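# Observations on the three-dimensional arrangement
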Amino acid sequence: MIKTFDDFNAFKSTALKLGYPKNLTELTRHEIKFLEKYDDFTVISLHDYGRENNNNLMVLTGKESLLYSEKKISAGELALYKTVLKKKFGESTVLTLLITHKVLENYEDFFEKISDDVDELEDSLDIEKIQHNTKILRKLHDKIEEFVDVVLDLKERKVREVKTEYLTYDFDLLAAKANHVLNRANSHLSQLNNLRAEYEMKSTNELNKQIRFLTLVMKNLTALTVILTVPMLVASWYGMNFRNIPELNWQMGYLAALAGTILLTALPFIAFRLKKWI
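This text gives an overview of the structure that appears in the document.

Conventions and cut-offs
- Residues numbered from 1 in each chain as written.
- Predicted model: local features only at pLDDT ≥ 70, side-chain atom pairs only at ≥ 80, totals over all residues.
- Heavy atoms only, no water.
- Patch = residues over 30% accessible without salt bridge, like charges linked within 9 Å, V, L, I, M, F, W, Y side chains within 5 Å.
- Areas by Shrake-Rupley, 256 points an atom, 1.4 Å probe, with all protein chains shown as cover.
- Salt bridge = Lys/Arg side-chain N within 4 Å of Asp/Glu carboxyl O.
- Lys, Arg positive; Asp, Glu negative; His and termini not counted.
- Charge placed at Lys NZ, Arg CZ, Asp CG, Glu CD.
- Helix = DSSP H or I, 4+ residues; strand = E, 2+ residues; numbered from the N terminus.
- Pairing = 2+ DSSP bridges.
- Axes fitted to C-alpha atoms, helices over the stretch in contact; angles between N-to-C directions.
- Contact = heavy atoms within 4.5 Å.
- 1 Å grid on protein atoms, 1.4 Å probe; cavity = no way out; pocket = protein on both sides within 12 Å on 5 of 7 lines; lining within 4 Å.
- Points joined across faces, edges and corners; volume = space filled by probe spheres on them.
- Nonpolar A, V, L, I, M, F, W, Y, C, P; charged D, E, K, R; others polar.
- Parallel < 35°, antiparallel > 145°, perpendicular 65-115°, else oblique.
- Left-handed = near helix turned anticlockwise from the far one by under 90°.
- Buried < 20%, exposed > 50% of the residue type's maximum accessible area, 1.4 Å probe, protein only.
- Polar contact = N/O pair within 3.5 Å; in protein donor to acceptor, adjacent residues only side chain to side chain.

## Here we look at a negative patch on the surface
- Taken together, Asp116, Asp117, Asp119, Glu120, Glu122, Asp123 and Glu198 make up a surface patch of like negative charges.
- Counting residues per element, the negative patch draws most heavily on helix α5 (residues 90-124), at 6 residues.
- In this fold, Asp119 is placed in helix α5.

## A few points about the sheet that holds strand β3 (residues 42-47)
- Ordered by their spatial adjacency, 5 strands build an open sheet running β1-β5-β4-β3-β2, and the pairing between neighbours is mixed. The sheet is open, and its two borders are formed by β1 (2-5) and β2 (34-37), each paired with just one other strand. On average, adjacent strands in this sheet sit at an angle of 10° to one another, irrespective of strand direction.
- Bridge analysis of β2 against β3 gives 4 bridges, and the strand direction is antiparallel. Residue pairing across strands places Glu36 opposite Val43, the latter belonging to β3.
- The sheet strands contacting helix α1 (residues 8-17) are β1, β4 (55-60) and β5 (65-68), and the helix crosses β5 at an angle near 160°.

## Section: empty space enclosed by the protein
- Evaluated as defined, the whole model comprises 1 cavity of 30 Å³ or more.
- Estimates place the volume of the largest cavity at around 40 Å³.
- Of all the secondary structure elements, the ones that give two or more residues to the lining of the largest cavity are β3 and α6 (127-155).
- For the lining of the largest cavity, the leading source of residues is α6, giving 3 residues.
- For the lining of the largest cavity, the residue count by class is 4 nonpolar, 1 polar and 3 charged.

## A closer look at the environment of Thr215
- Checked against the element boundaries, Thr215 lands in helix α7 (residues 168-238).
- C-alpha of Thr215 to C-alpha of Trp277: the two residues are 62 residues apart in sequence and 9.9 Å apart in space.

## Some points on the packing of α5 against α6
- Axis separation between α5 and α6 bottoms out at 10 Å; the angle between their running directions is 155°. Classed by the angle they form, the pair α5 and α6 counts as roughly antiparallel. In this structure, α5 crosses over α6, and the sense of that crossing is left-handed. Residues Thr96, Thr100, Val103, Leu104, Tyr107, Phe110, Phe111, Ile114, Asp117 and Leu121 of α5 pack against Lys129, Ile130, Asn133, Ile136, Leu137, Leu140, Lys143, Ile144, Phe147 and Leu154 of α6.
- Partitioned by chemical class, the residues of the contact of α5 with α6 number 14 nonpolar, 3 polar and 3 charged.

## Looking at the environment of Leu192
- Turning to its location among the elements, Leu192 is positioned in helix α7.
- Remark: the alpha-carbon pair of Leu192 and Glu122, spanning 70 residues in sequence, is separated by 9.1 Å.

## Overview of the side chain of Thr93
- Residue position: Thr93 is located in helix α5.
- Classification of Thr93 as buried rests on a relative accessible area of 0%.
- Polar side-chain contacts of Thr93 include one of 2.6 Å to the backbone oxygen of Phe89.
- Leave out the neighbours within four places in its chain, and Thr93 touches Glu161, Val162, Lys163, Tyr166, Leu167 and Phe171.

## Details of the layout of surface pockets
- A volume near 220 Å³ is recorded for the largest pocket.
- If you trace the largest pocket, you find 13 residues lining it, with Tyr81, Leu97, Leu98, His101 and Asp170 closest to the centre.
- Among the elements of the structure, α5 and α7 are those that each provide at least two residues to the lining of the largest pocket.
- Class assignment of the residues belonging to the lining of the largest pocket gives a composition of 7 nonpolar, 1 polar and 5 charged.

Listed below in structure tokens is the structure:
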């Protein structure tokens, strides 16, 4: 018999009546996958993504299969497997298939949202969004990877209460879809890493442009300072208050000082022009 619960206390109470001795509360407090086999029980816990404290917890036995989840199993879904349900461990097998399929749908839905965001980042190169989506996708990737491990354990028939041979095609399809989503998540993580590298390269190029511009400005200022130093030196030299400066009484003194100033100013100007500093 399949029993579903949306009230955890009722679920835990029923599991205790069946003789399950472990503390099920701990499984609701941690977002980890859990698959453990005991003498008379198998416990499987799979968390949805993006919802706090929302997991899908199953206690599987030969007589009863208990499910604690917000997900609903409809009569129509069970009717598709009415032949399997009549077999030994058929109910626990069908319940496991349906819940794992619904959990994978949750992962797929969130992945598609992230995928759309990643595609938009190809144009914007927003580093904050790149880092945010990378963080989310890594967490989702880990969830999917854990999910694939659970499906693999089921397919390898390591769980007595889940007879995958009853529904070989369905479990093969589930595994293929899970691996497909996992591969796409890996691809998108690589894409995000490439976008981050592209952003860093773009930032580096812009920084180099700014450095080149500042270097050119410094060269221009240095050249201008050196060139203007010559006339300032001549002016300060002849502006000193000495009583005897011979050139002041020389008839050609002004023209000589002017010519010398122009010549000495032109020399560094020409030198800087040759070096392409100005």
